[in-house]
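Chain by chain, the residues run as shown.
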Amino acid sequence: MAEIEKRIETHRVRCLSKMKIFLLAITCAFVSKTLSGSYMNSMITHIERQFNIPTSLVGFINGSFEIGNLLLIIFVSYFGTKLHRPILIGVGCVVMGLGCFLQSLPHFLMDRYEYESTVSVSGNLSSNSFLCVENGTQIFRPTEDPSECVKEVKSLMWMYVLVGNIIRGIGETPIMPLGISYIEDFAKSENSPLYIGFVETGAIIGPLIGLLLASFCAHVYVDTGSVNTDDLTITPTDTRWVGAWWFGFLICAGVNVLTAIPFFFLPKTLPKEGLKHDADIIKNDKEKQSKEVKKEKDGITKDFLPSMKSLLCNPIYMLFILISIIQFNAFVNMFTFMPKYLEQQYGKSASDAIFLIGIYNLPPICIGYIAGGLIMKKFKITVKQAAHIGCWLSLTEYLLYFLCFLMICDNSSVAGITITYKGMQQDSYVENTILADCNRDCNCPTKTWDPVCGDNGVSYMSACLAGCETSVGAGINMVFQNCSCIQTSGNSSAVLGLCDKGHDCSMMLQYFLISSAIGSFIYSLSAIPGYMVLLRCIKPEEKSLGVGLHTFCIRVFAGIPAPIYFGALVDSTCLHWGILKCGESGACRIYDSTNFRYIYLGLPAALRGTSYIPAFLILIILKKRLLPGENASSGTVLIEAKVTGKENECKDMHKNSKILNDDELKTKL
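Conventions adopted
Per-chain numbering applies: the sequence of each chain, read as written, is numbered from 1 onward. Per-residue local features of the predicted model are confined to residues with pLDDT of at least 70, and side-chain atom pairs are confined, for both listing and counting, to 80 or more; whole-chain, interface and lining totals are unaffected and use all residues. Calculation of side-chain values draws on the structure's entire complement of heavy atoms; hydrogens and water are dropped beforehand. The helix count covers DSSP runs of H or I at least four residues long, the strand count covers runs of E at least two residues long, and both are numbered beginning at the N terminus. Buried, partly exposed and exposed residues are distinguished by accessible area as a fraction of the type maximum, computed with a 1.4 Å probe on protein chains only: under 20%, between the cut-offs, and over 50%, respectively. Should any heavy atoms of two residues lie within 4.5 Å, those residues are counted as being in contact. Pairing of aromatic rings covers Phe, Tyr and Trp, the last counted by its six-membered ring, and requires centre-to-centre distances within 6.5 Å; plane angles under 30 degrees mean stacked, over 60 mean edge-to-face, and any other angle means tilted. The nonpolar core is taken to be a set of buried Ala, Val, Leu, Ile, Met, Phe, Trp, Tyr and Cys residues, with the residues joined through side-chain atoms within 4.5 Å. The term salt bridge refers to a pairing of a side-chain nitrogen on Lys or Arg with a carboxyl oxygen on Asp or Glu at a separation within 4 Å. By this definition, two strands are paired if DSSP reports at least two bridges between them. Only the stretch in contact is used when fitting a helix axis, every axis being a line fitted to C-alpha atoms; angles between N-to-C directions are given from 0 to 180 degrees. Two helices cross in a left-handed way if the nearer one is turned anticlockwise from the farther one by less than a right angle. They cross in a right-handed way if the turn is clockwise. All residues other than Ala, Val, Leu, Ile, Met, Phe, Trp, Tyr, Cys, Pro, Asp, Glu, Lys and Arg, Gly among them, are scored as polar; the first ten of these are nonpolar and the last four charged. Note that patches include only residues with greater than 30% relative accessible area and no salt bridge, and the join distances are 9 Å for like charges and 5 Å for nonpolar side chains (Val, Leu, Ile, Met, Phe, Trp, Tyr). Each accessible area value is a Shrake-Rupley result obtained with a 1.4 Å probe; residue values ignore everything except the protein chains displayed when judging cover. To estimate how far a helix should extend, the number of its residues minus one is multiplied by 1.5 Å. The reported bend at a residue is simply the angle between two axes, fitted to the 7 residues ending at it and to the 7 residues beginning with it. The rule for a disulfide is simple: a pair of cysteine sulfur atoms within 2.5 Å. Angles below 35 degrees are treated as roughly parallel, those above 145 as roughly antiparallel, those between 65 and 115 as roughly perpendicular, and all remaining angles as oblique. pLDDT measures how confident the predictor is about each residue, on a scale from 0 to 100. Side-chain atoms alone can form a polar contact between residues adjacent in sequence; in general such a contact is a pair of N or O atoms within 3.5 Å, and within protein one must be able to donate a hydrogen while the other accepts it.

K.L.:
I would appreciate a short explanation of the overall build of the protein chain in the present structure.
P.N.:
On a plain count of helices and strands, the protein chain comes out with 23 helices and seven strands. Within the protein chain, buried positions represent 54% of all 669 residues. The contacts in the protein chain between residues at least 6 apart in sequence include a share of 79% that link residues at least 24 apart.

In structure tokens form, the structure reads like this:
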């Protein structure tokens, strides 16, 4: 007897260890997949500048991840539960690594990055050839060589990034639905929210690492090592700057492949955590194992359509999907374009913007996920209580969100674009306002973006358009003097780059980041209770398919279209487009920050507001009915009934009961 008890205890410890190993492995997988995703989101601005493509196209490239994901998500979610889930997850991680490697390839296949400039460090040009020279001839005109023009405009190197992102999406497909369903199937009911909270925490640690990596890479010049960075006339704050975006993708590829290794050594199934009759269950499992495998294979396709019908006829589940689609449309837009918003609204560099997002937003989200899981476990929150917690916390955060509309900065003062040369505000940009009396005779290029900051606090599109006649110094330290358009009492001079937005704008940025951090914590606190409503409103055998269908709908109706239409709206606020050698438009150089703000903050606010209508409908429905999750939700009573031979009696009582919980079922049995 003692030997049997010892063997049972050893088996229990071994099973618990395997569950903990899987929990650690799936958390690392979530870290690696979100690391890659957050790095991609953070680098879209640099990819936009590298390939000189509009924001709408780079939004499509970013959304292509969802295209790869939705190709397989439904079938992987359903059929994956019948196969070896850990191995499928491991294969997915390897495929993600392949996709990341493919995304970095254009850097090694393309020529060096060239940015538009009127300033040259070439010794073949006179030092004043880019300044105001009356009746002179300016350099850097559009090329007359048609072949060179076609080669630049028709470059499709960005297709590598597109295809790599699709492959990365395919690889990510099995991780979430199979990982969550594996935990739900083999973990205690009361432990499941905590475990999922840890996994979701990994989904926050990954973006934090990804943002820090992106911040570092954004600060390093794209062609560092092959060009002399001392000769550069731009800094990371310049909208023409491109960071080493390719380097981070190589790191992401290696991390994804490494995280795949543990999954190939984990078993297909585990005994349920915390069962009391381990020996009997193990014996029964061994006897029925071959029959169950055959039964599973025969029923792979037989139950698919009935399961789909059951999910589609579940009102709570369908309303939850509707809420998720609307909310994700808002959040995808906000997080995808947040670095660009901080650049344009508050004048930060891409590197600084990415770093600030990681520091201010992700730690509160991580804490919120863990706290939400602990609350669910500690107080044994029911499905109805979880729905109320998720709804009201989310609504509280939504109301606080409107404070962001007060934390604003004015447009950058750029003569001829946002203000006149006399310092008056300009309602709309008109090309013929680029020239004024002070620079009309300078024969300046009117489309080239090479901004300088005058000592009067006004920026100009170029030193020539500022009327500057002489220069001293070289590279980024160049100073332009005798600038006729800069009206000051002393020597009229200018330096390279846009003018800073000032101390008041920096304070507004701090308020915005603090408000964003508070909102992120409150919303993430509601995430785990909300997610448990999704898991507990569907039958246990439909959980994997339910999670997969939920993810599929989010990909199709939010993940793919949101960056595209939002990118097109952002493009509509562009005030000046960069130009290529052939004179075609490239990436946007400066936006109307006021209209950008209305789109960036206003559209998500409108979307999220409508999502609370189905949320309140769910609360009303829950008030009138009882979910499966509230009736013997852990499944422990049913499993124990198998051992005592009262399985059918337990099932009937569970099916017909409207009020019985686990303890009451045990008593009647």
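K.L.:
Would you take a moment to explain the packing of aromatic side chains for this structure?
P.N.:
Remark: the centre distance and the inter-plane angle together describe each pair of aromatic rings, the angle taken between the planes. For the structure shown, the criterion picks out 25 aromatic pairs. Measuring from ring centre to ring centre gives 5.1 Å for Tyr-39 and Phe-249, while their planes differ by 85 degrees; the resulting arrangement is edge-to-face. Placement of the pair is Tyr-39 in helix 1 (residues 2–42) and Phe-249 in helix 10 (residues 245–260), with a sequence separation of 210 residues. Note on Tyr-401 and Phe-405: the rings are 6.3 Å apart at their centroids and 85 degrees apart in plane angle, and the pair reads as edge-to-face. Phe-405 gets classed as partly exposed once you look at its relative accessible area, which sits at 28%.

K.L.:
How should the nonpolar core be read in this particular structure?
P.N.:
The nonpolar side chains of soluble globular proteins are, as a tendency, buried together. Formed by 129 residues in total, the largest nonpolar core has its most connected members in Ile-26, Tyr-39, Trp-245, Tyr-346, Phe-512 and Tyr-600. Counting residues in each nonpolar core, the second largest holds 30 residues, with Val-414, Trp-449, Val-452 and Met-478 among its members.

K.L.:
What exactly am I supposed to notice about the pattern of salt bridges here?
P.N.:
Any two side chains of opposite charge can pair if their charged atoms end up close together. What the rule picks out here adds up to nine salt bridges. Where Glu-48 meets Lys-340, a salt bridge forms, and the shortest distance between an N and an O atom there is 3.2 Å. Here Glu-48 is found in helix 2 (residues 44–51), whereas its partner Lys-340 is found in helix 14 (residues 338–346), with 292 residues between them in sequence. Judged by its relative accessible area of 6%, Lys-340 is buried. Its salt-bridge partner being Glu-172, residue Arg-555 comes within 3.0 Å of it at the nearest N-O pair.

K.L.:
How should I be thinking about the sheet that holds strand 4 (residues 479–481) in this particular structure?
P.N.:
By definition, the strands of a sheet pair up through backbone hydrogen bonds, in either a parallel or an antiparallel sense. Read from one edge to the other, the open sheet built from five strands follows the order 2-1-5-4-3, with strand pairing classed as antiparallel. Two strands in the sheet have a free side with no partner beyond their single neighbour: strand 2 (459–460) and strand 3 (470–472).

K.L.:
Can you help me understand the pairing of strand 7 (residues 585–591) in this one?
P.N.:
Each regular strand displays side chains that alternate between the two surfaces of the sheet. Of all seven residues making up strand 7, six are buried, and the element is well covered by its neighbours. For strand 6 (residues 574–579) and strand 7, the ladder comprises four bridges, and the chain directions are antiparallel. Paired with Trp-577 across the two strands is Cys-588, which belongs to strand 7.

K.L.:
Please explain the packing of helix 3 (residues 55–70) against helix 18 (residues 543–559) as it appears in this structure.
P.N.:
Packed helix pairs are specified by the crossing angle of their axes together with the interaxial distance, meaning the distance between the axes. Running from N to C, helix 3 and helix 18 cross one another at 145 degrees; their axes reach a closest spacing of 9 Å. The chirality of how helix 3 crosses helix 18 is left-handed. Note on element contacts: helix 18 touches helix 3 through Thr-551, Phe-552, Arg-555, Val-556 and Gly-559, opposite Gly-63, Phe-65, Glu-66, Asn-69 and Leu-70. For the contact of helix 3 with helix 18, the residue count by class is four nonpolar, four polar and two charged.

K.L.:
Explain the side chain of His-550 here, please?
P.N.:
Structurally, His-550 can be placed in helix 18. Excluding residues that lie within four positions of it along the chain, His-550 makes contacts with Tyr-317, Phe-320, Ile-321, Ser-324 and Leu-534.

K.L.:
Just checking my understanding: could you explain a nonpolar patch on the surface for this structure?
P.N.:
Residues Ile-87, Val-91, Val-94, Leu-258, Ile-261, Phe-264 and Phe-265 make up a contiguous nonpolar surface patch of roughly 660 Å² in combined accessible area. Looking at which element gives the most residues to the nonpolar patch, the answer is helix 5 (residues 85–109), with three residues. By secondary structure assignment, the location of Phe-265 is in the loop between helix 10 and helix 11 (278–298).

K.L.:
Where do I start with helix 17 (residues 503–536) in this structure?
P.N.:
Residue pairs spaced three or four apart in an α-helix point in one direction, given the helix's 3.6 residues per turn. Here helix 17 is 34 residues long and its end C-alpha atoms lie 50 Å apart, about the 50 Å a rise of 1.5 Å per residue gives. Maximum bend of helix 17: about 30 degrees, positioned at Ala-527, with proline Pro-529 one to four residues after it.

K.L.:
Looking at this structure, how should I read the environment of Ile-204?
P.N.:
Following the sequence through the fold, Ile-204 ends up in helix 9 (residues 192–219). Residues Ile-204 and Thr-34 lie 170 residues apart in sequence; the distance between their C-alpha atoms is 7.5 Å. Once residues lying within four places of it in the same chain are set aside, the contact partners of Ile-204 are Leu-362, Ile-365, Cys-366 and Tyr-369.

K.L.:
So what exactly am I meant to see when it comes to the state of the cysteines here?
P.N.:
Disulfides are covalent bonds that connect the sulfur atoms of two cysteines. In total, this model carries six disulfides according to the counting rule given. With its sulfur 1.9 Å from that of its partner, Cys-444 forms a disulfide with Cys-464. Here the S-S torsion is close to -85 degrees, and the disulfide linking Cys-444 with Cys-464 is therefore left-handed. Linking Cys-444 in the loop between helix 16 (383–401) and strand 1 (452–454) with Cys-464 in the loop between strand 2 and strand 3, this pair joins segments that are 20 residues apart in sequence. Comparing Cys-444 with Cys-464 shows no difference in burial state: the two are buried. Residue Cys-574 pairs covalently with Cys-588 via a disulfide, S to S 2.0 Å. Here Cys-574 and Cys-588 share a disulfide; its torsion about the S-S bond, 105 degrees, makes the bridge right-handed. Note that Cys-574 is positioned in strand 6 and Cys-588 in strand 7, a separation of 14 residues in sequence. For Cys-574, a relative accessible area of 13% gives the class buried.

K.L.:
Explain the packing of helix 8 (residues 175–186) against helix 18 here, please?
P.N.:
Here helix 8 crosses helix 18 at 150 degrees, and the two axes come no closer than 9 Å. Taken together, the axes of helix 8 and helix 18 lie roughly antiparallel to each other. Where helix 8 crosses over helix 18, the two elements pack in a sense that is right-handed. Contacts between helix 8 and helix 18 involve Met-176, Pro-177, Leu-178, Ser-181 and Glu-184 on the former and, on the latter, Lys-543, Ser-544, Val-547, Gly-548 and Thr-551.

K.L.:
It is not clear to me how the confidence of the model for the protein chain should be interpreted in this structure. Could you clarify?
P.N.:
Parts of the prediction with low pLDDT should not have their coordinates interpreted in detail. Put simply, the protein chain has an average pLDDT of 79, and 79% of its residues get 70 or more. Between the elements of the protein chain, mean pLDDT differs from a low of 41, seen in helix 21 (residues 636–644), to a high of 94, seen in helix 10. Here residues 8–13 is modelled with pLDDT under 50, and outside its nearest four sequence neighbours on either side it reaches seven contacts, counting other chains as well. Taken as a whole, residues 277–283 scores under 50 in pLDDT and shows ten contacts with residues more than four places along the chain or in a different chain.

K.L.:
I'm lost on the side chain of Asn-314 in this one. Help?
P.N.:
With respect to the helices, strands and loops of the structure, Asn-314 is situated in the loop between helix 12 (304–312) and helix 13 (315–336). One polar contact links the side chain of Asn-314 to the main-chain amide nitrogen of Ile-316, over a distance of 3.2 Å. For Asn-314, the side chain forms a polar contact with the main-chain oxygen of Cys-537, separated by 2.7 Å. Here Asn-314 is in contact with Cys-537 and Ile-538, once residues within four sequence places are set aside.

K.L.:
What should I look at first to understand helix 15 (residues 350–378) in this one?
P.N.:
The terminal C-alpha atoms of helix 15, which comprises 29 residues, lie 42 Å apart, in line with the 42 Å expected from a rise of 1.5 Å per residue. Of all the bends in helix 15, the greatest reaches close to 30 degrees and is centred on Leu-362; the proline Pro-363 follows between one and four positions later. The first or second residue beyond helix 15 is Lys-380, which carries a positive phi of 50 degrees.

K.L.:
Looking at this model, I keep getting lost on unusual backbone geometry. Mind explaining?
P.N.:
Only a minority of non-glycine residues have a phi that is not negative, and only a minority of peptide bonds are not trans. For Lys-380, which is not glycine, the phi dihedral falls at a positive 50 degrees. Tracing the backbone through its elements, the reader meets Lys-380 in the loop between helix 15 and helix 16. We note that Asn-482 has phi near 55 degrees; this positive angle belongs to a residue other than glycine. Here Asn-482 falls in the partly exposed class, since its relative accessible area comes to 40%.

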